[in-house]
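# What the coordinates show
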Amino acid sequence: MNRSSVLSRSVISIVFSLWMAADLMAAQPGKEYQPQVGQEGKDVIWVPTPQALVDKMLDIAKVTPKDM
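Computed from a predicted structure; not experimentally measured.

Each value, and the rule that gives it
Residues numbered from 1 in each chain as written. Predicted model: local features only at pLDDT ≥ 70, side-chain atom pairs only at ≥ 80, totals over all residues. Heavy atoms only, no water. Helix = DSSP H or I, 4+ residues; strand = E, 2+ residues; numbered from the N terminus. Buried < 20%, exposed > 50% of the residue type's maximum accessible area, 1.4 Å probe, protein only. Areas by Shrake-Rupley, 256 points an atom, 1.4 Å probe, with all protein chains shown as cover. pLDDT = per-residue confidence, 0-100.

## Thoughts on the overall build of the chain
In terms of helices and strands, the chain carries two helices and two strands. Start at the N end of the chain and walk to the C end: the helices and strands fall as α-β-β-α. Among the 68 residues that make up the chain, the fraction classed as buried is 0%. Entry remark: accessible area of the chain is about 6,900 Å², with carbon and sulfur atoms responsible for 64%.

In structure tokens, the structure reads:
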């Protein structure tokens with residue numbers, strides 16, 4: 001086996017191992033994800049919309065129980 005082949009297989013093994021580790025860490029049974037106000041994400045900071053504002057937007061849009 002040449003050096004390039006060994007390096008290629010090593011990189012593939014590392015990438016696969018990291019992918020599996022990330023998948024296992026994301027799936028923690030019994031532990032529900034709870035976002036925190038001001039929590040940073042990839043591009044934005046998470047801030048919940050107040051329920052009064054949600055209700056007002058639904059009223060303006062004239063959403064009814066028949067809407068999907």
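Moving on from the model shown.
## A look at unusual backbone geometry
Not every positive phi belongs to a glycine, and Lys62 is a case in point at roughly 55 degrees. Structurally, Lys62 is set in the segment after helix H2 (51-60). Lys62 gets classed as exposed once you look at its relative accessible area, which sits at 67%.

## A short note on the confidence of the model for the chain
Looking at the chain as a whole, its pLDDT mean stands at 81, while 85% of the residues score no less than 70. Element-level mean pLDDT values for the chain span from 74 in strand E1 (residues 39-40) up to 95 in H2.

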